[in-house]
Amino acid sequence: QNQGAVTLEPPADADAVSITVTHDRYHDAVEEYQLSSGGVQQSIALEQKTGTPRLISQIDGTPVPRLECNITPNDEYLQQFYNSETHVTTDETGTWEGRLLIGKYRAELELPPDLEDLFDTSSETFVIKHDAETEVPVAASFTWGLSESQRERIHRIRTELDDITTKSGIDTAIPQYY
């Protein structure tokens, strides 16, 4: 995608030229060319460096299978290769592994609509390094709580149960279990 051009002026008595191309996000390339009177015009392809992210979808610290995650590039250089979020789904163990270009990313769980109100998700920023595996926990936490009317109803039921047991001596093991 990125292209560059360079013009070299080798010495007049040179028969060949060796060109070394380096970039921090690509593998180095060394090419040798025989010089002719018309010069040399060549393209040199570079291979991008990649790494392996290992996303682990978790809810309250427990791996959860088959959840969707969004991976977004988090630096300008990567945004020219990834023009939007990458959507992935974790497997039955709650993990996803793949190959990404080296650089900085952000990952976040995408919960199903029926669960969105019950959990808070957070995004995780991570860096992919060349030929390295990066473990990324992508987490959500349970946030649902009882309303005031639900708490009052539980209190009222417990009070009524206490009143019944003190008057009659009934065994309350099963009712208290529920």
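Above this text sits the structure in question.
An account of the accompanying structure is given in this report. Keep in mind that this is a model prediction, so the values were computed, not measured. (Residues numbered from 1 in each chain as written. Predicted model: local features only at pLDDT ≥ 70, side-chain atom pairs only at ≥ 80, totals over all residues. Heavy atoms only, no water.)

**Focus on the pattern of salt bridges**
It is possible for side chains of opposite charge to pair when their charged atoms get near one another. As enumerated under the stated definition, the model contains 5 salt bridges in all. When the shortest N-O distance is used, the salt bridge between E135 and R54 registers 3.1 Å. Of this pair, E135 sits in strand β12 (residues 133-142) while R54 is found in strand β3 (residues 50-59), placing the two residues 81 residues apart along the sequence. What emerges from the salt-bridge pattern is a single network uniting R54, E97 and E135. (Salt bridge = Lys/Arg side-chain N within 4 Å of Asp/Glu carboxyl O. Helix = DSSP H or I, 4+ residues; strand = E, 2+ residues; numbered from the N terminus.)

**Comments concerning the layout of surface pockets**
Taken as a whole, the largest pocket encloses approximately 1,000 Å³ of empty space. Along the wall of the largest pocket there are 30 residues; nearest its centre are G4, A5, V6, Q42 and I44. Going through the elements one at a time, β1 (16-23) and β2 (26-34) are the ones with two or more residues in the lining of the largest pocket. Considering each element in turn, the lining of the largest pocket owes the most residues, 5 residues, to β1. Here the residues of the lining of the largest pocket sort into 15 nonpolar, 15 polar and no charged. (1 Å grid on protein atoms, 1.4 Å probe; cavity = no way out; pocket = protein on both sides within 12 Å on 5 of 7 lines; lining within 4 Å. Points joined across faces, edges and corners; volume = space filled by probe spheres on them. Nonpolar A, V, L, I, M, F, W, Y, C, P; charged D, E, K, R; others polar.)

**Notes on the environment of K49**
Mapped onto the elements, K49 comes out in the loop between β2 and β3. The spatial distance from the C-alpha of K49 to the C-alpha of E92 is 29 Å, given a sequence separation of 43 residues. If sequence neighbours within four positions are ignored, K49 has contacts with H23, D24, R25, Y26, H27, L100, L101, I102 and H130. (Contact = heavy atoms within 4.5 Å.)

**Focus on the nonpolar core**
It is characteristic of soluble globular proteins that their nonpolar side chains tend to be buried jointly. The biggest cluster of nonpolar side chains holds 24 residues, and the ones touching the most others in it are L55, I71, Y105, L109, F126 and V138. Within the residue set of this core, elements represented by two or more residues are β3, β5 (68-73), α1 (76-79), β8 (100-101), β9 (103-110), β11 (124-128) and β12. Once you skip the residues sitting within four places of it in the chain, F126 turns out to touch P53, I71, G103, K104, Y105, R106, A107, T134 and V136. (Core = buried A, V, L, I, M, F, W, Y, C linked by side-chain atoms within 4.5 Å. Buried < 20%, exposed > 50% of the residue type's maximum accessible area, 1.4 Å probe, protein only.)

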